[in-house]
Amino acid sequence: MPEIIVKPSNLKELWKMLPGLPARRRYLAGGTDLVTAGVAGVEHSECWIDIGDLPELGSIKEAAGSLFIGSGVKISEIESSKAAARWCPALVAAIPHFASPSLRNMATLGGNAANASPCADGACSLVAEGASVLLALKGKKRRLPLVDFFLGPKLTALKKDELILGFEIRKRRHAGAYLKLGPRAYFGISKAAVAVTAELSGGAVKRVRVALGSVAPVPLYAARTSAFLADKKLSAETIAEASALVRTEASPITDTRSEAAYRLDMCGVLLERALKSLA
Ligand SMILES: Cc1cc2nc3c(=O)[nH]c(=O)nc-3n(C[C@H](O)[C@H](O)[C@H](O)COP(=O)(O)OP(=O)(O)OC[C@H]3O[C@@H](n4cnc5c(N)ncnc54)[C@H](O)[C@@H]3O)c2cc1C
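Observations concerning the overall build of the protein chain
For step 1, the next point in the chain: Across its full length, the protein chain holds 12 helices and 15 strands.
For step 2, the next point in the chain: Rg of the C-alpha trace for the protein chain: 19 Å, near the compact-globule value of 19 Å for 279 residues, within the 12% margin.
For step 3, the next point in the chain: For the protein chain, the spread of C-alpha atoms along the principal axes amounts to about 60 × 45 × 30 Å.
For step 4, the next point in the chain: The 279 residues of the protein chain split such that 53% are buried.
For step 5, the next point in the chain: Across the protein chain, contacts joining residues at least 24 apart in sequence account for 61% of those joining residues at least 6 apart.

What follows is the structure in structure tokens.
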């Protein structure tokens, strides 16, 4: 566990205090990943910077063409947001699958992305939502498509001290689904997960985004399957073809939670179910 924990009260104060802090430092948001790692003895920072109360990170804001979800927004706050329900249906569909109600009251969306686990439910559903991530470092801001943010397991495009400000989702009318296969119906890390968003028009889908969790080194955008589904009627044949295609995009591993072949198969099954629920 770290020697010191500091708590800036706003972003300006954060950038000012950084040069005086020990070199091995990390941001602390809800702590559900970081404190767990500290207790397990696999997190060796000298200093944690508690960003839990930074006002700039804590809200969901609607603009004319987009929705902004601050990185410090708790998973349970998204669950009760009308704006999120309207503009991010796949993200909201993922929330009941996310740990337990008490954990959802602590865990943040920013921590979920920064932790960069291939099985992160929030990250996977945000990839299906086509989200961008907004980053800041000492006043300098940049924006990345979320798919470009994940570089590998626990590996992101974040530079030292760079902070996730939040996520931007373009407003568009669409439906969304999130299906997760875990060790039990709820509360468990997934063996495989599928997030889908679809713009529907007269029984056909215009644009579709399919994302996969736990079956690749990163929360994966299934580009070929998404392209295949565009401008198609969701017939039994189309769904069967998409379900076969998505299996070719995943690259799961065998680990303590599941076997690679089973995970691959389940990607197809979950996608089939998700598309049927949208049709
Ligand atoms: C029992 C248990 C069950 C869980 N179940 C699930 C589950 O079902 N689904 C799921 O997806 N996850 C699950 N998790 C993982 C965890 O709860 C999530 O990843 C959570 O969203 C992390 O958010 P946090 O605010 O707690 O992050 P923290 O633990 O505070 O931080 C995690 C990492 O992100 C960095 N970080 C945090 N915020 C920022 C920021 N704004 N900018 C830059 N870096 C930042 C930290 O430095 C740290 O490296 C579970 C964890 C536990 C302990």
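Things to note about the environment of T36
For step 1, the next point in the chain: Mapped onto the fold, T36 is located in helix α2 (residues 34-40).
For step 2, the next point in the chain: For T36, a relative accessible area of 49% gives the class partly exposed.
For step 3, the next point in the chain: Along the sequence, T36 and G268 sit 232 residues apart, while their C-alpha atoms lie 33 Å from each other.

What about the sheet that holds strand β1 (residues 4-6)?
For step 1, the next point in the chain: In spatial order, the strands read β1-β3-β2; together these 3 strands make up an open sheet with parallel pairing. Each of the sheet's edge strands pairs with one partner strand only, and the pair in question is β1 and β2 (25-28). Mean inter-strand twist for the sheet, computed between neighbouring axes without regard to direction, equals 25°.
For step 2, the next point in the chain: Judged from the 3 bridges that link them, β1 and strand β3 (residues 47-50) form a sheet pairing that is parallel. What sits directly across from V6, in β3, is I49.

Observations regarding the site of the ligand
For step 1, the next point in the chain: Close to the ligand lie 29 residues, the nearest being Y27, T32, D33, T108 and D121.
For step 2, the next point in the chain: The contact in question runs from an oxygen atom of the ligand to an N or O atom on the side chain of R26, over 3.0 Å.
For step 3, the next point in the chain: Within the side chain of K180, an N or O atom sits 3.2 Å from an oxygen atom of the ligand.
For step 4, the next point in the chain: Coverage of the ligand by the protein amounts to 87% of the 990 Å² it exposes when considered alone.
For step 5, the next point in the chain: When contributions to the shell around the ligand are tallied by element, the ones reaching two or more residues are β2, α2, α7 (109-114) and β10 (163-170).

Scoring rules and cut-offs
- Residues numbered from 1 in each chain as written.
- Predicted model: local features only at pLDDT ≥ 70, side-chain atom pairs only at ≥ 80, totals over all residues.
- Heavy atoms only, no water.
- Helix = DSSP H or I, 4+ residues; strand = E, 2+ residues; numbered from the N terminus.
- Rg over C-alpha atoms; globule rule 2.2 N^0.38 Å.
- Buried < 20%, exposed > 50% of the residue type's maximum accessible area, 1.4 Å probe, protein only.
- Contact = heavy atoms within 4.5 Å.
- Pairing = 2+ DSSP bridges.
- Axes fitted to C-alpha atoms, helices over the stretch in contact; angles between N-to-C directions.
- Near = heavy atom within 4 Å.
- Polar contact = N/O pair within 3.5 Å; in protein donor to acceptor, adjacent residues only side chain to side chain.
- Areas by Shrake-Rupley, 256 points an atom, 1.4 Å probe, with all protein chains shown as cover.

The analysis is restricted to geometry; functional conclusions fall outside its scope.
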